[in-house]
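Observations on the model geometry
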Amino acid sequence: MTSAAEFTGVTQSYGDTVAVENLNLQIAEGKLTTLLGPSGCGKTTTLRMLAGYITPSAGTITINGADATRLPPEKRNLGMVFQSYALFPHLTVAENVGFGLKLRKVPAAQRRTQVLANLDLVGLAHLADRKPKALSGGQQQRVALARAIAISPSLLLLDEPLSNLDARLRVQMRSEIRRIQSETGLTVVLVTHDQEEALEMSDVMVVMRAGKVMQTGAPATVFSAPANRFVADFLGYENFLTQPDGTLLTVRPEHLLVGRPDAAPVGGLNLPARVVDSVYRGVDNIVTLRATDAAGGDVHLISTTRRDTLTSDRDGVRPGDLVLAQARDHEIVHLAA
Ligand SMILES: Nc1ncnc2c1ncn2[C@@H]1O[C@H](COP(=O)(O)OP(=O)(O)OP(=O)(O)O)[C@@H](O)[C@H]1O
Ligand SMILES: [Mg+2]
């Protein structure tokens, strides 16, 4: 793997707050890397250090192999899109997109060609002469993206660029950004706290917690083999059960079956449980159970198996019923203690 950027032992403290701690991370060239994690875990701080807006308290950052730890932002040739799109309101769409090129003294005719090519890329060439206020939120976000790409950045940094958009547009923009990334071959670092967005968009996912990297890997790997309970939890695993040896196993709620107490055991988990609650939701029910795990701990379990899952018998269950919580071996994830 060639790295477009690399963090080595990077720490960023604000007074007593350690926002990022001893970060070691390689950003793969030509790939889309997401920084995923809950609010306050250090995603924006990491991105801003990469952009040069803040200098690390310790450690080094290289960009394209050269030390960039103390390099000012304007010398890094990076495109950046922030959470709020922040277009220049008095400039047209084309002028917004061409802004960085003008600063770089690119001649007007060439600028126009490049601007139109970039607007084409985001599907907005027909709106080149409009002002930002005459655009929808999604269109403004695309203009911001075109503006960031226009300078042919060596890295494109996106800090929660879709969080202002409504749900449908957000989903649509995910694949747009993906398409633009693969068409341009740009190295992209995208910050998000949305696990679905990260799973759908990333080549590489970096899961962070409290300033530290918990796991790095391809989405399918991180999803099917979370490194620890935090990552599993963040990716929607429930049903954490302690094993006799002290390790944990976990099963996604959609894979936890609810059988009659005398159901045939499956290869995997077969744990007697008591129904706490069952809520009808159309395609599935949310069934909450209580059980005792191998360590003698009282645990709450959640099953959301679909109605058409034949082996899950939870349609008729009522609070107080005794059932068998079951999960097949290949749906069970084992976590280190
Ligand atoms: N300028 C600052 N001064 C002091 N503390 C800061 C500053 N900027 C960030 N922090 C703290 O550093 C930590 C990481 O902040 P950061 O903005 O990187 O988180 P984030 O992962 O981007 O969160 P969010 O998802 O809410 O945007 C937080 O605890 C935050 O309060
Ligand atoms: Mg942030």
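To be clear, the structure that these remarks concern was listed above.
Residues numbered from 1 in each chain as written. Chains lettered and ligands numbered in written order. Predicted model: local features only at pLDDT ≥ 70, side-chain atom pairs only at ≥ 80, totals over all residues. Heavy atoms only, no water.

**Points about the nonpolar core**
Leu 119, Leu 145, Leu 156 and Leu 158 are the most contacted members of the largest nonpolar core, which totals 34 residues. Only α2 (93-97), α4 (108-121), α5 (137-150), β7 (155-159), α6 (167-184) and β8 (188-192) provide two or more residues apiece to this core. For this core, the leading source of residues is α5, giving seven residues. (Core = buried A, V, L, I, M, F, W, Y, C linked by side-chain atoms within 4.5 Å. Buried < 20%, exposed > 50% of the residue type's maximum accessible area, 1.4 Å probe, protein only. Helix = DSSP H or I, 4+ residues; strand = E, 2+ residues; numbered from the N terminus.)

**Quick word on the sheet that holds strand β9 (residues 204-209)**
Taken in spatial order, the six strands line up as β6-β7-β8-β3-β9-β10 in an open sheet, and their pairing is mixed. Only two strands of the sheet have a single partner each, and these edge strands are β6 (78-81) and β10 (212-217). If you compare each strand with its neighbour and ignore which way they point, the axes differ by 15° on average. Across five bridges, β9 lies against β10 in antiparallel orientation. Counted as the bridge partner of Arg 209 is Lys 212 from β10. Lying over the sheet, α5 contacts β6 and β7, oriented at roughly 170° with respect to β6. (Pairing = 2+ DSSP bridges. Axes fitted to C-alpha atoms, helices over the stretch in contact; angles between N-to-C directions. Contact = heavy atoms within 4.5 Å.)

**Details of the sheet that holds strand β18 (residues 332-335)**
The antiparallel open sheet is built from three strands, whose spatial order is β11-β12-β18. Both edges of this open sheet fall to β11 (238-242) and β18, since each of them pairs with a single strand only. With strand direction ignored, the average angle separating the axes of adjacent strands in the sheet is 25°. Sheet topology places strand β12 (residues 248-251) next to β18; four bridges connect them, and they run antiparallel. If you follow Thr 250 over to β18, its bridge partner there is Val 333.

**Quick notes on the site of ligand 1**
The immediate surroundings of ligand 1 are formed by Tyr 14, Thr 17, Ala 19, Pro 38, Ser 39, Gly 40, Cys 41, Gly 42, Lys 43, Thr 44, Thr 45 and Glu 160. Separating an oxygen atom of ligand 1 from a backbone N or O atom of Gly 40 is a distance of 2.7 Å. Between Thr 44 and ligand 1, the recorded distance is 2.8 Å, taken from a side-chain N or O atom to an oxygen atom. Calculation on ligand 1 without its partners gives an accessible area of 640 Å², and the protein chains cover 58% of this total. (Near = heavy atom within 4 Å. Polar contact = N/O pair within 3.5 Å; in protein donor to acceptor, adjacent residues only side chain to side chain. Areas by Shrake-Rupley, 256 points an atom, 1.4 Å probe, with all protein chains shown as cover.)

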